[in-house]
Amino acid sequence: MSRQPPSTRDQYKGFVPLQTRWADNDAYGHLNNATYLSLFDTAMSLWQLQNGIDIQGPDALRFLIVESGCRYFAELAFPEDLSAGLRIPHIGTSSYRMEFALFKAGQTTAAAEGFFAQVLTDPGSTPIPIPPQTRAILETLR
């Protein structure tokens, strides 16, 4: 089985700066595997807020993560300045897939890559269509 090589910065449309924390390291001295998903979630949430997508409060859209994954290429640790690359290769009627890459400061090759598949739902968790204004914002990462 051949492994797909890591992506490069030029393959991503949006970027969010991130900083690792002391608590992110595990007993081996590098970021715990679960921390990568947390960093992806933080990058996505910051990007959504910066681009006018309400994610908290009474007008918040209820996007649920229904699938996630991560591939690791190089160790990350505290302290580390990171840049999270974001892109959206697919937008459906009520769902989309956001892909991420974590880049060490000054590096052009991803140390880790991952994805979230999200579905927009009503309060009863029934999928609903993505509003046109939100879809237009998401399209900027395609």
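The structure this text deals with has already been given above.
Procedures and definitions
Residues numbered from 1 in each chain as written. Predicted model: local features only at pLDDT ≥ 70, side-chain atom pairs only at ≥ 80, totals over all residues. Heavy atoms only, no water. Helix = DSSP H or I, 4+ residues; strand = E, 2+ residues; numbered from the N terminus. Phe/Tyr/Trp six-rings, centres within 6.5 Å; stacked < 30°, edge-to-face > 60°. Buried < 20%, exposed > 50% of the residue type's maximum accessible area, 1.4 Å probe, protein only. Contact = heavy atoms within 4.5 Å.

**Student:** Which parts of the structure should I look at to understand unusual backbone geometry?
**Tutor:** Glycine aside, negative phi is the norm for most residues, and most peptide bonds take the trans geometry. A cis amide bond links Phe78 with the next residue in sequence, Pro79, at an omega value of -10°. Tracing the sequence through the fold places Pro79 in the loop between strand E2 (62-72) and strand E3 (81-91). We note that Ser125 has phi near 70°; this positive angle belongs to a residue other than glycine. Within the element layout of this structure, Ser125 appears in the loop between strand E5 (112-121) and helix H2 (132-139).

**Student:** Got a minute to help me understand the packing of aromatic side chains in this structure?
**Tutor:** How two aromatic rings sit relative to each other is set out by the distance from centre to centre and by the angle between their planes. Counted under the stated rule, the structure contains 8 aromatic pairs. On the basis of an interplanar angle of 80° and a centroid distance of 5.3 Å, the ring pair of Phe63 and Tyr96 is categorised as edge-to-face. With a gap of 33 residues between them, Phe63 in strand E2 and Tyr96 in strand E4 (residues 95-104) connect regions that are remote in the sequence. Seen from their ring centres, Phe100 and Phe116 are 5.2 Å apart, and the 70° between their planes marks the pair as edge-to-face. Remark: Phe116 occurs in strand E5 and Phe100 occurs in strand E4; sequence separation between them is 16 residues. Across this residue pair, the class does not change: Phe100 and Phe116 are buried.

**Student:** I keep staring at the environment of Phe78 and nothing clicks. Help me out?
**Tutor:** Inspection of the secondary structure puts Phe78 in the loop between E2 and E3. Each C-alpha atom of the pair Phe78 and Arg3 lies 27 Å from the other, and the pair is 75 residues apart in sequence. With residues near it in sequence (within four places) discarded, Phe78 still touches Thr20, Arg21, Trp22, Asn25 and Leu31.

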